[in-house]
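# Close look at the chain arrangement
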Amino acid sequence: WDLRNFQAGAPVASFRWHKAPITSLEWNPNEGSSLAVSGADNQLTLWDMALEDDAEALQAAVGRPDIADVPAQLYFVHQGQTDMKEVHWHPQMPGMVFSTAEDGFHMFRPAN
């Protein structure tokens, strides 16, 4: 998507992954295209808005219902906490994410 094509009244992008309300989101202060999102579905997701659909990846997903609906921009899903409330990027440690929930807090740096 291209912000130069923005039109009033229409979203620039729309993603449907979380199955319950979003509880927190924050842009990465060190990488302008990365976004962290937490939801009431007990998931924390990391997104890279600079990524686009890849023909090779789409072809690899043919016949794979387990990955067919995964958006190209979604690159990490963290689970294991109950009733997530907030997500934050560490301002000085690139890639470090903190999440708070009813059952405590997690801090991690995802690696691919």
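These numbers come from a predicted model, not from an experiment. (Residues numbered from 1 in each chain as written. Predicted model: local features only at pLDDT ≥ 70, side-chain atom pairs only at ≥ 80, totals over all residues. Heavy atoms only, no water.)

Its identity as a non-glycine residue notwithstanding, asparagine 42 has a phi of 65 degrees, on the positive side. Take asparagine 42: it is sitting in the loop between strand S2 (34-39) and strand S3 (43-48). (Helix = DSSP H or I, 4+ residues; strand = E, 2+ residues; numbered from the N terminus.)

Taken in spatial order, the three strands line up as S5-S6-S7 in an open sheet, and their pairing is antiparallel. Edge positions in the sheet fall to strand S5 (84-89) and strand S7 (104-108), since each has one partner strand and no second. The average angle at which neighbouring strand axes cross in this sheet is 15 degrees, direction not considered. As paired strands, strand S6 (residues 97-101) and S7 are joined by five bridges and run antiparallel to one another. Bridged to valine 97 within S7 is phenylalanine 108. (Pairing = 2+ DSSP bridges. Axes fitted to C-alpha atoms, helices over the stretch in contact; angles between N-to-C directions.)

Moving on: the pairing of S3. Most of S3 is tucked away, with six of its six residues classed as buried. Here S3 shows two buried faces, one formed by Gln43, Thr45 and Trp47 and the other by Leu44, Leu46 and Asp48. In this structure, S2 lies alongside S3, joined through five bridges in antiparallel fashion. Looking across to S3, one finds that serine 34 is bridged to aspartate 48. (Buried < 20%, exposed > 50% of the residue type's maximum accessible area, 1.4 Å probe, protein only.)

That is the geometry; function is a separate question.
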